[in-house]
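The residues making up each chain are set out below.
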Amino acid sequence: MASWRNYFLDIYLIVRAIIQGYYHLYFEIRSSIRPLEDPLTRKNEYAVITGGNRGIGWETAKILAESGMKVIIGCRDGPSREQLFKSIQEAKLPSGSIEWINLDMSSMDSVRSFAQAILDKDVPISLLINNAGKGSSPYSETADGFESLFATNYLGHFLLAHLLMPRLLAAGKPGQSARIVNVSSKAQALGWFNINDLQSKSFYNPMYAYSRSKLALIMFTKILDEHLSRNNKSVKPYAVHPGIIYTSIWDSYWLTHYVYRATGFLFKAS
């Protein structure tokens, strides 16, 4: 019985994803990006970005570095780090404007080490952008025993935000709050929670797992905002849908891959 139930859930998710995907794409096509009228000037401020070595994360890091901010990027050692250093060299950014620290968002020990390295610098953090993410993929578990998409896209960022909160509070001032930006997605509309099966043991669908992780980020953002506002703290969290933009995540699952192949000419580019 469970196998038939899971089969119908798979079909339901695919149909709903196609309908909602084209619905959101229609509005994306009709929207436009409004450039900033004045360039950003954020000298002597620090920003932290996870997964800032490519795509949306890198484009964000580059603009922040050009604005005068000191940007700390967390990504994995190896090819990701090499890609980051190559991009920094090609962008000809000011010396010392970007710093790399090793980070694997799927490992809670790595997240703690990354956060501690930042805390040891003893500098206020004006901006934390939780950008790193993993696209839809077959079921796997992390070394900590968590479902990998839930761990990478949500649990790691949940932990990082709490660990860096002292430095965010130090940077925030009345009228000029420090910010936490959680990069979510309109794909969250496909997600739901079975509180008794957070590790997706009874039902797993790659698209559902991705959507659920993004839904968790939004729920976390809302609860954190309520808590900080209630206690008059100058830190403001946001959950952001970046738009329908082509990144490597679109190639991680067969359905999104073919959607991009069919309609990718309508997508925004990072």
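Before reading on, note that the structure itself is shown above.
Since the structure is predicted, the reported quantities are computational estimates derived from the model, not experimental observations.

Novice: Is there a simple way to think about the overall build of the protein chain in this case?
Specialist: From N to C terminus, the protein chain includes eight helices and eight strands. Residue burial in the protein chain is summarised as follows: out of 270 residues, 46% are buried. Across the protein chain, the fraction of contacts at a sequence separation of at least 24, relative to all contacts at a separation of at least 6, is 72%. Accessible surface for the protein chain amounts to roughly 14,600 Å². Of this, 56% is attributable to carbon and sulfur atoms.

Novice: Any chance you could explain helix 2 (residues 55–66) here in plain terms?
Specialist: Think of an α-helix as turning once every 3.6 residues; residues three or four places apart then point the same way. Here helix 2 contains twelve residues, and its C-alpha end-to-end distance of 17 Å stays within 8% of the 16 Å for a straight helix at 1.5 Å per residue. Along helix 2, the positions that sit buried rather than exposed are Gly57, Trp58, Ala61, Leu64 and Ala65. Taken down its axis, helix 2 places every buried residue within 130 degrees of arc, on the same side. On its buried face, helix 2 sits against strand 1 (46–50), strand 2 (70–75), helix 3 (79–91), strand 3 (98–102) and strand 4 (127–130). Phi for Gly68, located one or two positions after helix 2, is positive at around 110 degrees.

Novice: Got a minute to help me understand the side chain of Ser184 in this structure?
Specialist: Structurally, Ser184 can be placed in the loop between strand 5 (178–183) and helix 7 (206–230). Of the polar contacts made by the side chain of Ser184, one reaches the backbone oxygen of Lys214; its length is 3.0 Å. Here Ser184 is in contact with Lys214, Ile218, Val240, His241 and Pro242, once residues within four sequence places are set aside.

Novice: What is the right way to look at the pattern of salt bridges in this model?
Specialist: Pairs can form between side chains of opposite charge whenever their charged atoms are close. Counted under the stated rule, the structure contains eight salt bridges. With a closest N to O distance of 2.7 Å, Asp77 and Arg81 form a salt bridge. For Arg81, a relative accessible area of 26% corresponds to the partly exposed category. Among the salt bridges present, the one from Asp109 reaches Arg112, with a minimum N-O distance of 3.7 Å. In this pair, Asp109 and Arg112 both sit in helix 4 (residues 108–119), three residues apart, roughly one turn of the helix. Overall, Asp109 belongs to the exposed group, its relative accessible area being 52%.

Novice: Explain the nonpolar core here, please?
Specialist: Ranked by size, the top nonpolar core spans 34 residues in total, and within it Val48, Phe114, Ile118, Leu128, Leu164, Leu168 and Ile180 carry the most contacts. Breaking this core down by element, the ones donating at least two residues are helix 4, helix 5 (148–163), helix 6 (165–171), strand 5 and helix 7. For this core, the element with the highest residue contribution is helix 5, accounting for seven residues. Membership of the second largest hydrophobic core comes to 18 residues, among which are Leu64, Met69, Ile73 and Leu84.

Novice: Honestly, unusual backbone geometry in this entry has me stumped. Any pointers?
Specialist: Residues apart from glycine generally show negative phi values, whereas peptide bonds are mostly found in trans. The backbone of Asn44 sits at a positive phi, close to 65 degrees, despite the residue not being glycine. Looking at where Asn44 falls in the secondary structure, it is placed in the loop between helix 1 (2–30) and strand 1. Accessibility expressed as a relative area gives 74% for Asn44, which makes it exposed. Positive phi is not limited to glycine here, since Asp122 has a value of about 55 degrees. The residue Asp122 is located in the loop between helix 4 and strand 4 in this model.

Novice: I keep staring at the packing of aromatic side chains and nothing clicks. Help me out?
Specialist: Two numbers describe a pair of aromatic rings. These are the distance of the centres and the angle of the planes. Taken as a whole and assessed by the stated rule, the structure comprises five aromatic pairs. Note on Phe85 and Trp100: the rings are 6.4 Å apart at their centroids and 85 degrees apart in plane angle, and the pair reads as edge-to-face. Here Trp100 lies in strand 3 and Phe85 lies in helix 3, a separation of 15 residues in the sequence. Overall, Phe85 belongs to the partly exposed group, its relative accessible area being 39%. Classification of Trp100 by relative accessible area gives partly exposed; the value is 22%. Here the aromatic cluster, defined as three or more aromatic residues joined through ring pairs, consists of Phe150, Tyr154, Phe158 and Phe220.

Novice: Looking at this structure, I do not really get the sheet that holds strand 4. What am I missing?
Specialist: In any sheet, the strands associate via hydrogen bonds between backbone groups, in a parallel or an antiparallel arrangement. Taken in spatial order, the six strands of this open sheet run 3-2-1-4-5-6, and their pairing is parallel. Whereas interior strands pair on both sides, the edge strands pair on one side only; in this sheet they are strand 3 and strand 6 (235–240). Taking the axes of each pair of neighbouring strands and ignoring which way they run, one obtains an average angle of 15 degrees across the sheet. Relative to strand 4, strand 1 is paired through three bridges, and the arrangement is parallel. Following the sheet pairing, Val48 is matched in strand 4 by Leu128. The strands that helix 4 touches are strand 1, strand 2 and strand 3; relative to strand 3, the one it contacts most, it runs at about 145 degrees. Helix 5 rests against strand 1, strand 4 and strand 5 of the sheet, and its axis sits at about 170 degrees to strand 4.

Definitions and limits used
Position numbers for residues start from 1 in each chain and track the written sequence from start to end. Side-chain atom pairs in this predicted model are given and counted only at pLDDT of 80 or more, local residue features only at pLDDT of at least 70, and totals for whole chains, interfaces and linings cover all residues. Hydrogen atoms and water are omitted, and side-chain values are computed over all heavy atoms in the structure. Runs of E in the DSSP output that reach at least two residues are strands. Runs of H or I that reach at least four are helices, and both are numbered from the N terminus. Each residue is assigned to one of three classes by its accessible area relative to the maximum for its type, calculated with a 1.4 Å probe on protein chains only: buried under 20%, partly exposed between the two thresholds, exposed over 50%. What makes two residues a contact is simply this: any of their non-hydrogen atoms within 4.5 Å. All accessibility values rest on the Shrake-Rupley procedure with a 1.4 Å probe; residue burial counts only the protein chains present in the view. Helix span is expected to be 1.5 Å times the residue number reduced by one. The arc in question is formed by the directions pointing from the helix axis toward the C-beta atoms. Pairing of N or O atoms within 3.5 Å defines a polar contact, subject to two protein rules: one partner must be a possible hydrogen donor and the other a possible acceptor, and residues neighboring in sequence count only if both atoms are side-chain atoms. Between Lys or Arg on one side and Asp or Glu on the other, a salt bridge is scored when a side-chain nitrogen of the former is within 4 Å of a carboxyl oxygen of the latter. Only buried residues count toward a nonpolar core, which is a set of Ala, Val, Leu, Ile, Met, Phe, Trp, Tyr and Cys residues joined through side-chain atoms within 4.5 Å. Between 30 and 60 degrees the pair is tilted, below 30 it is stacked and above 60 it is edge-to-face, where a pair is any two Phe, Tyr or Trp rings, Trp via its six-membered ring, whose centres lie within 6.5 Å. Should DSSP find at least two bridges between two strands, the strands are taken to pair. Only the stretch in contact is used when a helix axis is fitted, and all axes are lines through C-alpha atoms; the angle between N-to-C directions ranges over 0 to 180 degrees.

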